[in-house]
Amino acid sequence: MDELDSAIVHHLQADGRLSNRALAEKLGIAPSTCLERTRLLHKRGIIHGYRAEVSLRALNRSVQAMVFTQVRPLRRDVVAAFEQSVTRLPEVVSVYTMAGSDDFLVHVTAQDIDHLHAFLLDQFTNRREIVGFRTSIIYQHLTNPVLDPLPERPAVRPQT
């Protein structure tokens, strides 16, 4: 990505509803150039899509938690089945496959603590492949809405 691509991505992350004309104006380029560059960013897979951020509270999901999960045996078929089944659960926001002492980190939402407790009992304690899990309640979830490319790391020279 060059500087113009980075600027397009930056502005679209900040406001994905910007019209092509408004984006081109912010960047000081022709709308046709802006449109072509944005299309190429989509085609190259740099921009995956656009979405609306919705309040979890408005969706009756006021409680959030992270569920650190270990599964056994650690075989490809067990891992794939777990990932597929858990991501289909309505309470699940995202699933991270991890290295380390936990195999998965599952971000879940619930109406309240009782709903979270019932969800964990129903969906995590009854699964034979889950050998352990622990839950941490999330008090606040903050994100960085605009990510810029990180600078290239300088090559490390071997010491003599």
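What this report covers is the structure whose coordinates are included nearby. (Residues numbered from 1 in each chain as written. Predicted model: local features only at pLDDT ≥ 70, side-chain atom pairs only at ≥ 80, totals over all residues. Heavy atoms only, no water.)

## A word on the packing of aromatic side chains
Enumeration over the complete set of coordinates arrives at three aromatic pairs. Summarising the aromatic geometry, the rings of Phe82 and Phe104 are spaced 4.5 Å apart at their centres and angled 40 degrees between planes, so their arrangement reads as tilted. Residue Phe82 is found in helix H4 (residues 76-87), and its partner Phe104 is found in strand E3 (residues 104-110); the two are separated by 22 residues along the sequence. The exposure class assigned to Phe104 is buried, which follows from its relative accessible area of 0%. (Phe/Tyr/Trp six-rings, centres within 6.5 Å; stacked < 30°, edge-to-face > 60°. Helix = DSSP H or I, 4+ residues; strand = E, 2+ residues; numbered from the N terminus. Buried < 20%, exposed > 50% of the residue type's maximum accessible area, 1.4 Å probe, protein only.)

## Some remarks on the environment of Thr69
Within the element layout of this structure, Thr69 appears in strand E1 (residues 63-71). Along the primary structure Thr69 and Arg134 are separated by 65 residues, whereas in three dimensions their C-alpha atoms are 6.8 Å apart. Once you skip the residues sitting within four places of it in the chain, Thr69 turns out to touch Phe82, Asp102, Asp103, Phe104, Val106, Phe124, Ile130, Gly132 and Phe133. (Contact = heavy atoms within 4.5 Å.)

## What about the nonpolar core?
Formed by 18 residues in total, the largest nonpolar core has its most connected members in Phe82, Val92, Val106, Val108, Leu116, Phe119 and Phe124. When residues of this core are traced back to their parent elements, those giving at least two are E1, H4, E3 and helix H5 (113-123). If we skip the residues at most four places from it in the chain, Val106 touches Ala65, Met66, Val67, Thr69, Val86, Val92, Ser94, Val95 and Phe124. Counting residues in each nonpolar core, the second largest holds 11 residues, with Ile8, Leu12, Ala24 and Leu27 among its members. (Core = buried A, V, L, I, M, F, W, Y, C linked by side-chain atoms within 4.5 Å.)

## What about the packing of helix H1 (residues 3-14) against helix H2 (residues 20-27)?
A pair of packed helices is captured by two measures, namely the crossing angle of their axes and the spacing between those axes. Where H1 contacts H2, the axes come no closer than 11 Å and their chain directions differ by 125 degrees. By the angle between their directions, the pair H1 and H2 is classed as oblique. Of the two possible hands of crossing, H1 and H2 adopt the one that is right-handed. Counting all contacts with H1, which are made through Leu4, Ala7, Ile8, His11 and Leu12, the residues of H2 involved are Leu23, Lys26 and Leu27. Residues of the contact of H1 with H2, tallied by class, amount to six nonpolar, one polar and one charged. (Axes fitted to C-alpha atoms, helices over the stretch in contact; angles between N-to-C directions. Parallel < 35°, antiparallel > 145°, perpendicular 65-115°, else oblique. Left-handed = near helix turned anticlockwise from the far one by under 90°. Nonpolar A, V, L, I, M, F, W, Y, C, P; charged D, E, K, R; others polar.)

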